[in-house]
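A structural walkthrough
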Amino acid sequence: MTGAEDELGANTLGGGSDWVTRAAKDLPLGRLILPEDAARLAVYLLSPASAPMTGVLLDLEQSVVGAPG
């Protein structure tokens, strides 16, 4: 959820001022992903704790493969 995403959802795509509430209601976290969420992931990936991770795709989408939906 960034300013540009809010502009896109509310105005460009015509979702109106309450589009965030409607979009977030069925998401696992109950909200959109925030820039801070991506930043925390980046900090983790830059830390020694992430050393065992190689060749992995990390997707910040809130969907579960194979789940109805």
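Located above this text is the structure these notes cover.
Summarised in this report is the structure supplied together with it. (Residues numbered from 1 in each chain as written. Predicted model: local features only at pLDDT ≥ 70, side-chain atom pairs only at ≥ 80, totals over all residues. Heavy atoms only, no water.)

Here the structure, examined in full by the defined rule, presents 4 salt bridges. Between aspartate 37 and arginine 31 there is a salt bridge, with the nearest N and O atoms lying 2.8 Å from each other. Its salt-bridge partner being aspartate 37, residue arginine 40 comes within 2.4 Å of it at the nearest N-O pair. Residue arginine 40 and its partner aspartate 37 are both found in helix α3 (residues 35-46); the two are separated by 3 residues, about one turn of the helix. The class of arginine 40 is exposed, set by a relative accessible area of 53%. For aspartate 37, a relative accessible area of 12% gives the class buried. What emerges from the salt-bridge pattern is a single network uniting Arg31, Asp37 and Arg40. (Salt bridge = Lys/Arg side-chain N within 4 Å of Asp/Glu carboxyl O. Helix = DSSP H or I, 4+ residues; strand = E, 2+ residues; numbered from the N terminus. Buried < 20%, exposed > 50% of the residue type's maximum accessible area, 1.4 Å probe, protein only.)

With respect to the helices and strands, the residue serine 50 is situated in the segment after α3. The exposure class of serine 50 is buried, given its relative accessible area of 7%. From its side chain, serine 50 meets the backbone oxygen of serine 47 in a polar contact 3.0 Å long. Excluding residues within four positions of it along the chain, serine 50 makes contact with Tyr44 and Leu45. (Polar contact = N/O pair within 3.5 Å; in protein donor to acceptor, adjacent residues only side chain to side chain. Contact = heavy atoms within 4.5 Å.)

In this structure the side chain of aspartate 37 is engaged in a polar contact, spanning 2.4 Å, whose partner is the side chain of arginine 40. Here aspartate 37 is in contact with Arg31 and Leu32, once residues within four sequence places are set aside.

Further remarks concern a nonpolar patch on the surface. Residues Tyr44, Leu45, Val56 and Leu58 make up a contiguous nonpolar surface patch of about 330 Å² in total accessible area. Looking at where tyrosine 44 falls in the secondary structure, it is placed in helix α3. (Patch = residues over 30% accessible without salt bridge, like charges linked within 9 Å, V, L, I, M, F, W, Y side chains within 5 Å. Areas by Shrake-Rupley, 256 points an atom, 1.4 Å probe, with all protein chains shown as cover.)

Here we come to the environment of threonine 21. Of note, threonine 21 is situated in helix α2 (residues 19-24). For threonine 21 and leucine 32, which are 11 residues apart along the polypeptide, the C-alpha to C-alpha distance reads 9.1 Å.

Moving on: the environment of arginine 31. Here arginine 31 shows up in the loop between α2 and α3. Along the primary structure arginine 31 and methionine 1 are separated by 30 residues, whereas in three dimensions their C-alpha atoms are 8.9 Å apart. Residues in contact with arginine 31, not counting those within four places in the same chain, are Ala24, Asp37 and Gln62. In this structure the side chain of arginine 31 is engaged in a polar contact, spanning 2.8 Å, whose partner is the side chain of aspartate 37.

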